[in-house]
Amino acid sequence: MELVFSKWVFLFSLCCWLIFSVAVAVEGVHGGSKVRGVNLGGWLVIEGWIKPSLFDGIPNGDMLDGTQVQFKSVTLQKYVSAENGGGMDISVDRDDASSWETFTLWRVSELEFQFRTTQGQFLTCYGNGCSVSATANSASSTETFQIERNNNGKVHIKIKSGTYLQATMDNQLTADYPGTPGWDDNAATFEMTIVANNLHGDYQLANGYGHNKAKQVLEKHRNTFLNVGDFEFLYRHGINTVRIPVGWWIAYDPDPPAPFIGGTLEALDNAFSWAEDYSIKCIIDLHAAPGSQNGMEHSASRDGTTGWPTSSGYISQTLHVIDFLASRYAKHPAFLGIELLNEPSAAEVPLDTLVSYYKQGYEVVRKYSPSAYVIICQRIGSADPLELYQADIGSHNLVVDLHYYNLFDTFFVNLSAIDNIQFIYKSREAQLQALNGANGPLVFIGEWVNEWNVTSGSQSEYQDFGRAQLEVYNAASFGWAYWTLKNDRKHWDFEWNIRNNYLRLSSSEKKVFNSLRWLLLASICFYQCQILELVENWI
């Protein structure tokens, strides 16, 4: 009798443990066991592809910071070239254009620019009659040139004094063209090719418009892109968390360093208030670090370079930002945690540098909260998330963030709808099971989307793809967050997906959770009855 009784006690305890682990796996989250989140992307950190119209009013908008250009002399029919990628005089002697013949723009004004080579030096010219070289390690007035354009892709380039550059017959680039060139074939006229204009972030917007106009554009955007009604919508559809990308300049509000525009701190305060009204938790995600952690527009890179890991000053400044955010929000009822850095580049950010920063960032957050979740993002590119599990970064409420997209890799280009869905079940699920079973941080799918490279996908195929992702990502021990709430590209837009029945939360995550909860509750009731019966018989 004692053995039977012990068995039922064990089963009862097991069911209680299961119910407890399902219900409170993530401390403080309302309405469920884990994070069911949505990212507020494109709001406080600008990504032009989310709302391209933000950039429509910028003069010379195809020549923003980070734009890559090439110049070809119309008389010599040769390209302007920085030999060895920089560090030498400029020549005009190449029949074809490649990296040495490609220059990255730093925009000074609508018509004035600085040119950076692939090795990082700037084109420079000290005055009239000089030969242009690529030898300056920083940019000021002698590295600033004015560009005049016509409607046929031709340009003139002149230095501050007003003298035009020309391509000489001995293949040099010099500041000594006599007079003012016309647009007929002459030594001071070049054909300009825009090779890439891919960066449309906070830096490009603010520096493109100039401070006053950029302030107007961003104030309107921040006040209209999201509002309290969006939080009501999320609450009604079972979303319990928002992940809010912010830039490092938020710590210097209301007057951040140029060209960044203040106002994001007030907007973040509003988001916390709205979230509290609807029992939604907030994760603050440092999306853009000083110097840029990945060279992309969403990290506010000026020209596509990754400077964050190269300077201890940048890392110290980033820790200051984390300290500012943690001290301000740690006691707020809507606060859930801080993500220390979004998508550091595997190619550019050494693991030891990143781990050192993560350890310091963890301790900074712990100064203000013993229980807030500290989220560390996997490096993007060729990096194994297990590298962060082996790093011993923190002991309590540590979370590793993985971003799962069936995009951005040639592997996915030719996959069919069925192939994409099977990849979710076979590859993603296996990785999640392995990480959930590892002795270490919780797992968070901090970004995913109901979009792929299938150009002719039907609504039912999108529904199946979304269902597969929800079923698999629900297993993540911390939860998931969709990218993103609003987006001009409809399949990236969470709200559009829900309203148009392309993504069905009620038929997947919520139903699975509720069914499991009631099943376990029923089991407890059954075992309680069995125990009572055993006790009565024993008496």
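What counts, and where the lines are drawn
Residues numbered from 1 in each chain as written. Predicted model: local features only at pLDDT ≥ 70, side-chain atom pairs only at ≥ 80, totals over all residues. Heavy atoms only, no water. Helix = DSSP H or I, 4+ residues; strand = E, 2+ residues; numbered from the N terminus. Buried < 20%, exposed > 50% of the residue type's maximum accessible area, 1.4 Å probe, protein only. Contact = heavy atoms within 4.5 Å. Areas by Shrake-Rupley, 256 points an atom, 1.4 Å probe, with all protein chains shown as cover. Salt bridge = Lys/Arg side-chain N within 4 Å of Asp/Glu carboxyl O. Pairing = 2+ DSSP bridges. Axes fitted to C-alpha atoms, helices over the stretch in contact; angles between N-to-C directions. Core = buried A, V, L, I, M, F, W, Y, C linked by side-chain atoms within 4.5 Å. Disulfide = S-S within 2.5 Å. Right-handed = clockwise from strand over helix to strand, strands pointing away. Expected span 1.5 Å × (residues − 1).

Looking now at the overall build of the protein chain. From N to C terminus, the protein chain includes 12 helices and 20 strands. For the protein chain, with 539 residues in total, the buried portion stands at 56%. Relative to all contacts within the protein chain whose residues are 6 or more apart in sequence, the contacts with residues 24 or more apart total 71%. For the protein chain, the exposed area adds up to about 22,800 Å²; of that, 50% sits on carbon and sulfur atoms.

A few words now on the pattern of salt bridges. Enumeration according to the criterion identifies 20 salt bridges in this entry. With its nearest N and O atoms 3.5 Å apart, the salt bridge here joins Arg94 to Asp93. Judged by relative accessible area, Arg94 falls into the partly exposed class, the value being 26%. Its salt-bridge partner being Glu148, residue Lys158 comes within 3.3 Å of it at the nearest N-O pair. Separated by 10 residues along the polypeptide, Lys158 in strand 10 (residues 154–158) and Glu148 in strand 9 (residues 145–149) bring together distant segments of the chain. Here Lys158 falls in the buried class, since its relative accessible area comes to 16%. Counted as one network, the salt bridges with shared partners bring together Arg243, Asp285, Glu339, Asp401 and Glu447.

What follows concerns the environment of Val195. Among the structural elements, Val195 can be located in strand 13 (residues 190–196). We classify Val195 as partly exposed; its relative accessible area is 41%. Dropping the residues within four chain positions of it, Val195 is found in contact with Gln68, Val69 and Gln70.

With parallel pairing, 8 strands are arranged side by side around a closed barrel as 1-14-15-16-17-18-19-20. Taken pair by pair, the neighbouring strands of this sheet meet at an average axis angle of 30°, ignoring direction. Pairing geometry for strand 19 (residues 442–448) and strand 20 (residues 479–482), over 2 bridges, is parallel. Bridging across to strand 20, Ile445 finds its partner in Trp480. Across the sheet, helix 5 (residues 264–277) is in contact with strand 14 (241–247), strand 15 (281–288) and strand 16 (335–339); its angle to strand 15 comes to roughly 155°. Along the sheet face, helix 6 (residues 312–329) touches strand 14, strand 15 and strand 16 and points at about 165° away from the line of strand 15.

Attention now goes to the nonpolar core. Soluble globular proteins tend to bury their nonpolar side chains together. Leu268, Leu325, Tyr357, Tyr358, Ile445 and Phe494 are the most contacted members of the largest nonpolar core, which totals 98 residues. Here this core takes 8 residues from helix 6, the largest share from any one element. By size, the runner-up hydrophobic cluster in this structure holds 28 residues, among which are Leu76, Phe113, Ile157 and Ile159.

The subject of this paragraph is the state of the cysteines. Under the definition given, this model contains 1 disulfide. At a sulfur-sulfur separation of 1.6 Å, the disulfide partner of Cys125 is Cys130. Note on the Cys125 and Cys130 pair: the S-S dihedral is about -105°, so by sign convention the disulfide is left-handed. Of the residues examined, Cys125 reaches a relative accessible area of 5% and is grouped as buried.

Time to look at the pairing of strand 15. With 8 of its 8 residues buried, strand 15 lies for the most part within the structure. Two elements, strand 14 and strand 15, share 7 bridges in a ladder whose sense is parallel. Within strand 15, the position partnered with Pro245 by the bridge is Asp285. Chirality of the crossover, the property in question, places the unit of strand 14, helix 5 and strand 15 among those that are right-handed. For the crossover from strand 15 across helix 6 to strand 16, the handedness is right-handed.

With that settled, the discussion passes to helix 7 (residues 351–368). Under the 1.5 Å per step criterion, the end-to-end length of helix 7 is 26 Å for 18 residues, consistent within 8% with the ideal 26 Å. For helix 7, the complete set of buried residues consists of Thr353, Leu354, Val355, Tyr357, Tyr358, Gly361, Tyr362, Val364, Val365 and Arg366. Packing partners of the buried residues in helix 7 comprise strand 15, helix 6, strand 16, strand 17 (373–377), helix 8 (386–389) and strand 18 (398–404).

Coordinates in, geometry out; function isn't part of it.
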